[in-house]
Number of protein chains: 2
Amino acid sequence: MVWDAWGIPAGHKPLSARIRGLLTQVFGVSGDPVARRDEGDVPLRESALTPAQRAGLVEVVGADNLSAEHRDRLLHAGGKSTPDLLRRRVEGPQDAPDAVVFPADHDQVLAVLAYCAENAVAVVPFGGGTSVVGGLDPVRGRFDAVIALDLRRLDTITRIDPVSGTATLGAGLTGPRTEELLGAHGFSLGHFPQSFEFASIGGFAATRSSGQASAGYGRFDDMVQRLKIATPSGTLELGRAPASAAGPDLRELFVGSEGTLGVITEVTLRVHPVPEAVAYQAWSFPDFETGAAALRSVVQAGAAPTVLRLSDEVETGINLARSGDIGGNPIAGCLAITTVEGSAAHVAARSAEANALLTAAGGTALGQTPAEEWEHGRFAAPYLRDALLDVGVLCETLETATTWSNVMALKAKVTGALTDALGGQGTPPLVMCHISHTYPTGASLYFTVIAKQLDDPIAQWQVAKRAVGDAIVAAGGTITHHHAVGTDHRPWLPDEVGDLGVRVLRAVKAEVDPAGILNPGKLFP
Amino acid sequence: MVWDAWGIPAGHKPLSARIRGLLTQVFGVSGDPVARRDEGDVPLRESALTPAQRAGLVEVVGADNLSAEHRDRLLHAGGKSTPDLLRRRVEGPQDAPDAVVFPADHDQVLAVLAYCAENAVAVVPFGGGTSVVGGLDPVRGRFDAVIALDLRRLDTITRIDPVSGTATLGAGLTGPRTEELLGAHGFSLGHFPQSFEFASIGGFAATRSSGQASAGYGRFDDMVQRLKIATPSGTLELGRAPASAAGPDLRELFVGSEGTLGVITEVTLRVHPVPEAVAYQAWSFPDFETGAAALRSVVQAGAAPTVLRLSDEVETGINLARSGDIGGNPIAGCLAITTVEGSAAHVAARSAEANALLTAAGGTALGQTPAEEWEHGRFAAPYLRDALLDVGVLCETLETATTWSNVMALKAKVTGALTDALGGQGTPPLVMCHISHTYPTGASLYFTVIAKQLDDPIAQWQVAKRAVGDAIVAAGGTITHHHAVGTDHRPWLPDEVGDLGVRVLRAVKAEVDPAGILNPGKLFP
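Residues numbered from 1 in each chain as written. Chains lettered and ligands numbered in written order. Predicted model: local features only at pLDDT ≥ 70, side-chain atom pairs only at ≥ 80, totals over all residues. Heavy atoms only, no water.

A. Representation of the overall build of chain A in the model. Scanning chain A for helices and strands turns up 18 helices and 19 strands. In terms of overall dimensions, chain A is globule-like: its C-alpha atoms have a radius of gyration of 23 Å, near the 24 Å expected for 525 residues. Principal-axis analysis of the C-alpha atoms places the extent of chain A at approximately 65 × 55 × 45 Å. The burial tally for chain A puts 61% of its 525 residues in the buried class. Within chain A, contacts between residues separated by at least 24 positions form 76% of all contacts whose residues are at least 6 apart in sequence. For chain A, the accessible surface area stands at approximately 17,700 Å², while carbon and sulfur atoms represent 53% of it. Side chains of chain A give 42 positive and 58 negative charges; the mean places of these two sets differ by 1 Å. (Helix = DSSP H or I, 4+ residues; strand = E, 2+ residues; numbered from the N terminus. Rg over C-alpha atoms; globule rule 2.2 N^0.38 Å. Buried < 20%, exposed > 50% of the residue type's maximum accessible area, 1.4 Å probe, protein only. Contact = heavy atoms within 4.5 Å. Areas by Shrake-Rupley, 256 points an atom, 1.4 Å probe, with all protein chains shown as cover. Lys, Arg positive; Asp, Glu negative; His and termini not counted. Charge placed at Lys NZ, Arg CZ, Asp CG, Glu CD.)

B. A look at the pairing of strand E4 (residues 145-150) of chain A. Residue and element names in this part refer to chain A. By the criterion of burial, E4 is predominantly enclosed, with six of the six residues buried. In this structure, strand E2 (residues 99-101) lies alongside E4, joined through three bridges in parallel fashion. For Val 101, the partnering residue across the bridge sits in E4 and is Leu 149. Two strands pair when backbone bridges link them, and strand E3 (residues 121-126) and E4 are joined in this way by six bridges, in the parallel orientation. Pairing of Pro 125 across the sheet is with Leu 149, part of E4. (Pairing = 2+ DSSP bridges.)

C. Examining unusual backbone geometry more closely. If you check the backbone angles, Asn 319 of chain A has positive phi at about 65° while not being a glycine. Within the secondary structure, Asn 319 of chain A sits in the loop between helix H12 (313-317) and strand E14 (334-342).

D. Focus on the interface of chain B and chain A. Counting residues at the interface gives 80 residues for chain B, matched by 80 residues for chain A. The contact between chain B and chain A buries some 5,800 Å² in all, and 61% of this surface belongs to carbon and sulfur atoms. The closest approach of N and O atoms between Glu 496 of chain A and Arg 240 of chain B, which form a salt bridge, is 3.9 Å. Counting every contact that joins chain B to chain A gives 40 residue pairs in polar contact (both at pLDDT 80 or more). For the side of chain B that touches chain A, the per-class residue count stands at 34 nonpolar, 29 polar and 17 charged. (Buried area = accessible area lost by both parts, 1.4 Å probe. Salt bridge = Lys/Arg side-chain N within 4 Å of Asp/Glu carboxyl O. Polar contact = N/O pair within 3.5 Å; in protein donor to acceptor, adjacent residues only side chain to side chain. Nonpolar A, V, L, I, M, F, W, Y, C, P; charged D, E, K, R; others polar.)

E. The arrangement of the pattern of salt bridges in detail. Residue and element names in this part refer to chain A. With the rule as written, the count across this model stands at 48 salt bridges over all chains. Residue Lys 509 is joined to Asp 513 by a salt bridge in which the shortest nitrogen-to-oxygen separation is 2.7 Å. Residue class for Asp 513 comes out buried when judged on its relative accessible area of 1%. Taken together, the shared-partner salt bridges in this structure form one network comprising Arg 18, Arg 322, Asp 325 and Glu 373.

F. Layout of the relation of the copies chain B and chain A. Superposing chain B onto chain A takes a rotation of 180° combined with a translation of 0.0 Å along the rotation axis, leaving an RMSD of 0.0 Å. The operation mapping one copy onto its partner corresponds to a two-fold rotation axis. In this assembly the copies share their binding face: 100% of the residues contributing to the interface of chain B also contribute to that of chain A. (Least-squares fit on C-alpha atoms with pLDDT ≥ 70 in both.)

G. Examining the sheet that holds strand E10 (residues 263-270) of chain A more closely. Strand order across the open sheet formed by five strands is E5-E6-E10-E8-E9 (chain A), with antiparallel pairing between neighbours. Lying at the two open borders of the sheet, with one neighbouring strand each, are strand E5 (157-161) and strand E9 (234-238) of chain A. On average, each strand axis in the sheet is tilted by 10° relative to the strand beside it, whichever way the strands run. Relative to E10 of chain A, strand E8 (residues 224-231) of chain A runs antiparallel, the two sharing six bridges. Its bridge partner lying in E10 of chain A, Ile 229 of chain A is registered against Ile 264 of chain A. The strands touched by helix H18 (residues 493-512) of chain B within the sheet are E8 and E9 of chain A, with E9 of chain A carrying the most contacts at an inclination of about 150°. (Axes fitted to C-alpha atoms, helices over the stretch in contact; angles between N-to-C directions.)

H. How the structure looks around helix H1 (residues 17-27) of chain B. All names here are of chain B. All of the buried residues in H1 are Ile 19, Leu 23 and Phe 27. The buried side chains of H1 occupy one side of the element, clustering within an arc of 40° when seen end-on. Those residues of H1 that are exposed and aimed more than 90 degrees away from the buried face are Ala 17 and Gln 25. Of the surrounding secondary structure, the elements contacted by the buried residues of H1 are helix H15 (381-390), strand E16 (393-403), strand E17 (430-435) and strand E19 (442-452). Just past H1, the residue Gly 28 takes up positive phi, approximately 70°. (Arc of directions from axis to C-beta.)

I. Spotlight on the environment of Val 255 of chain A. Looking at the secondary structure, you find Val 255 of chain A in the loop between helix H10 (251-254) and E10. The class of Val 255 of chain A is buried, set by a relative accessible area of 1%. Excluding residues that lie within four positions of it along the chain, Val 255 of chain A makes contacts with Ala 205, Arg 208, Asp 221, Val 224 and Leu 227 of chain A together with Gly 247 and Pro 248 of chain B.

J. Broad picture of the packing of aromatic side chains. Evaluation of the coordinates by the stated rule reveals eight aromatic pairs over all chains. With a centroid separation of 5.3 Å and an interplanar angle of 20°, the aromatic rings of Phe 196 of chain B and Phe 379 of chain B are classed as stacked. One end of the pair, Phe 196 of chain B, is in the loop between strand E7 (187-188) and helix H7 (201-207); the other, Phe 379 of chain B, is in the loop between helix H14 (369-376) and H15, and 183 residues separate them in sequence. Three or more aromatic residues joined by ring pairs make a cluster, and in this case those are Phe 192, Phe 196 and Phe 379 of chain A. If you follow Arg 378 of chain B out to its NZ or CZ, it ends over the ring of Phe 192 of chain B, 4.7 Å from the centre. Directly above the aromatic system of Phe 288 of chain B lies the positively charged group of Lys 411 of chain B, at a separation of 4.8 Å from the ring centroid. (Phe/Tyr/Trp six-rings, centres within 6.5 Å; stacked < 30°, edge-to-face > 60°. Lys NZ or Arg CZ within 6 Å of the ring centre and 35° of its normal.)

K. Up close: the environment of Asn 65 of chain B. Residues and elements named next belong to chain B. Mapped onto the elements, Asn 65 comes out in the loop between helix H2 (51-61) and strand E1 (66-67). Overall, the relative accessible area of 15% leaves Asn 65 in the buried class. A sequence separation of 385 residues divides Asn 65 from Ile 450, and the C-alpha atoms of the two residues are 41 Å apart. Ignoring sequence-local partners within four residues, the contact set of Asn 65 consists of Val 100, Val 101, Phe 102 and Arg 153.

L. Local environment of the packing of helix H16 (residues 407-423) of chain B against helix H17 (residues 457-474) of chain B. Residue and element names in this part refer to chain B. The N-to-C vectors of H16 and H17 enclose an angle of 155°; their axes lie 9 Å apart at closest approach. Between H16 and H17, the interaxial angle falls into the category roughly antiparallel. The handedness of the crossing between H16 and H17 comes out as right-handed. Contacts between H16 and H17 pair Leu 410, Lys 413, Val 414, Ala 417, Leu 418, Ala 421 and Leu 422 from the former with Gln 460, Trp 461, Val 463, Ala 464, Ala 467, Val 468, Ala 471 and Ile 472 from the latter. (Parallel < 35°, antiparallel > 145°, perpendicular 65-115°, else oblique. Left-handed = near helix turned anticlockwise from the far one by under 90°.)

M. Representation of H2 of chain B in the model. Residues and elements named next belong to chain B. Inspection of H2 places Gln 53, Gly 56, Leu 57 and Val 61 among the buried residues, and these make up the whole buried set. The buried residues of H2 occupy an angular sector of 120° when the element is viewed end-on, so they sit on one face. H2 presents Pro 51, Ala 52 and Glu 59 as exposed residues on the side facing more than 90 degrees away from its buried surface.

N. How the structure looks around the confidence of the model for chain A. Residues of chain A with pLDDT of at least 70 account for 100%, and the chain-wide mean is 96. With a pTM of 0.97, the predicted complex shows an ipTM of 0.97. (pLDDT = per-residue confidence, 0-100.)

O. The sheet that holds strand E1 (residues 66-67) of chain A, seen in detail. Residues and elements named next belong to chain A. With respect to topology, four strands assemble into an open sheet ordered E1-E2-E4-E3, the strand pairing being mixed. At either margin of the open sheet sits one strand with a lone partner, and together these are E1 and E3. Across the face of the sheet, helix H5 (residues 106-118) comes into contact with E2, E3 and E4 while running at roughly 175° to E4.

P. Here's a closer look at the environment of Asn 355 of chain A. For Asn 355 of chain A, the position within the fold is in helix H13 (residues 344-360). Separated by 49 residues in sequence, Asn 355 of chain A and Trp 404 of chain A have C-alpha atoms that sit 20 Å apart.

Q. Seen up close, the state of the cysteines. Counted by the stated rule, this structure contains zero disulfides over all chains. With no disulfide of its own, Cys 334 of chain B has Cys 433 of chain B as its nearest cysteine by sulfur position, at a separation of 9.7 Å. (Disulfide = S-S within 2.5 Å.)

R. Here's a closer look at the side chain of His 76 of chain A. Residue and element names in this part refer to chain A. Position of His 76 relative to the elements: it lies in the loop between helix H3 (70-75) and helix H4 (82-88). For His 76, the side chain forms a polar contact with the main-chain oxygen of Asp 72, separated by 2.7 Å. Residue contacts for His 76: discarding those within four places in its chain leaves Pro 97, Val 100, Phe 102, Phe 126, Ala 148, Asp 150 and Arg 152.

S. Spatial organisation of the side chain of Gln 281 of chain A. Residue and element names in this part refer to chain A. Mapping Gln 281 onto the fold places it in strand E12 (residues 277-285). Here the side chain of Gln 281 touches Gly 367 through a polar contact of 2.8 Å, landing on its backbone nitrogen. Gln 281 has contacts with Ala 336, Ile 337, Thr 338, Ala 365, Leu 366, Gly 367, Gln 368 and Ala 371, leaving out every residue within four places of it along the chain.

T. Structural view of the pairing of strand E8 (residues 224-231) of chain B. Residue and element names in this part refer to chain B. With six of its eight residues buried, E8 lies for the most part within the structure. Examined bridge by bridge, E8 and strand E9 (residues 234-238) share five bridges and lie antiparallel to one another. In the strand pairing of E9, Ile 229 is matched with Leu 236. Counting the residues between successive antiparallel strands, the hairpin from E8 to E9 contains two residues.

Next up, the structure:
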């Protein structure tokens, strides 16, 4: 990915005239993009790695696999949250890890961790670099130096078990490469978060990622069968069976540990045959509450499609779910998308059952085209955000989840907090929302917020983020459904798990990472 | 439950002439039952609780809610594993907790734990008393006294959320009482393990229980939304949403913690409407391998029935799955049972899809009668075990789980280990097996083993248990799929989670139970 924005250069497009017109109309911004800096011109804080530390690490991974080059450091300077991207647009020196280390395998990861624990070097495990919660900030904690531990060389499939439907994957494999390797054997993982094109298997596990087909294939944590983890205290291999009653499930301590308790090097995952058939269907609901109740009815009946999502009135009105058509003629009411994948027989049976329930709950079938449009543009939103940031528009996303009975109240509270916090600064926002992950007992809520930038947009957003975090906790939502905690959600972790829960996590950390080198400043409040 | 056997007196029946004939034929036992002792005649080790300790605990729960009476102590002397029951048949003093304490609510549990931590009293949390792995043994550890903390008074539904399909239940509610209370609101939990009639909500959570309808409603751990836990270090309340990415999932540390890390006092669970319709169907498969592949195909297609189980040739031949007909004319090959529950539309759709797959995979539909017979007798097996133990036949069950590709190999290894270990003692066993819990990636294997008792049947079984535990580990199975670790599976926990995994668990325990009062001698190797 490029250093100061999402994705690859080919993905970056100027805003359409229609969107620029919309921005002028709503926010009064002119729509002229600022120039971005060339990466070579960006001053970096000098590397703090000592020659001895460098030599010690080179001994583990080889000279070719440690870099303190300007470009490598810059490309590992952090993740891709809006504050991250705004920070890169600020003049002056950028912070970055003091070196980037590229281990070859689990044993080298283990040796790097042992070296760093003994020699006072902080370690930020680095997968695809797509964190949107500050999970990759090069924080040194109480150490003088920090390295990024880039796992891209752990990029093989160790084993496919076609009978059991499992695959053992290196942590550094990206989403597309995983699908490519599995596809050659007739299998698919089916994990398609918005970060899919760049994020890694290890990162998905470390952050409890959830993909757009979660209704059908589950969250990433649901797919995890077995984990191999390197820690400064040694190796853990967890998960001997599809299910077990052998005490606490320790996998669930390391899934979601965000690089603070160990480095996930290998994950055995549930996979499925490449679908024989896919049925696309779009729907219109008169309003969000009716649509949410319809989604609920289909999930609670045990008839969930593979993809199941619902945009609210504002998101539908602006066509955000059909990125090629933003600002064009919207679908009436609230747009919902379903896809059903599997064998032809399964697709026929499940579609019939789901469609009958959605229709009975007030949905109007719109045919397959809007659903295909959604799928076509489903990884485009982060590029749009870059273009908006470039023309002086603040754009950020956030998400939560709650029980079905609390969905409408939580949505209203979050929208209200964003509107008040940004409106109170003279920049009334546009707040859009969708449901993209559903469960029998509840659903996620994903918000996109857009407002005119103030002179200090980072400070502007921080006011809103504090307000919305407090509002989510007060309204009974989780502080994050699939973005993870990172730096940005740390203040609310005690609200989520209690003070004793935080103490339990600290006790685990003291056991597996007694020196405290792993990803300082993340997760723990 | 009665002190020296399973269940209630009304459930105990003498063996039928047909079964007695079978036992004479296979094992050469006469079939005359031994007399059981009256509970009043059983000598108990004297209570070690000091008057001061007794007074301290009475101050918390009231004099009416602490008992050191002979009968109360005897009824809390342990669980219901075969070694437990054999031990009760041995003459001489029985061990038992020094008192039984009946707290009223979460705060009293917290206060009892605080008192015991300060005053050196071990605590065995006690639900329905159905452990079959030694999870309730009155072990004192490094303390002089141990109490059983009986949670039966935590027996209310705090909240039902009909929209979200959740219910908040007291830990002491039994299976039938839970269904009765939920049923009054039109809901059902759908958790039907063999211990259903006596076991408790808290026990289900503490042991990662899995019920006979797990294919449809999931394991108990899948149902858990929120937990309230009392520990000597304070209260934990975990689970703010149907799913979350807010770091490690700490619920999974306490689900399966078997009373060693805290006392679960309240559980919020996913529930579902009482099914509108149920379709019963029995099947015959030519052999176990074909049947297992058929179960696999239906689960991997996303078309799982609510109940899905398969008996092997031996279990089918003896009619163990149809308890009213044991020893009668068996169904040919291997018997499988399916039920599909839900709305009429869902039952029709899911049955059609599942039945087509099972038929295509070699199944012959046998109609609904054998499936109804199975359901009718599904809680009867533990009573049968008592009757067998009484006539000099050893009978025990054990279970494991593995990936689909390893099912046949694991089954052969376990059967071989049991056959060798008991045959080597001159008591060749009958080993029966079924699959009763299925997952997309694998299945459980549940074994029932019967042999002639030797003079010391406990020692006889210990030889077999050691051999089979080692065989399961060597063959890649989990040491327990739904019975938990307790005392009996402790030796193999390091095989399951590794030495570092055990250290992590110990670190958690040191934080929540620094004095080490909670359920000594269980779970931890």
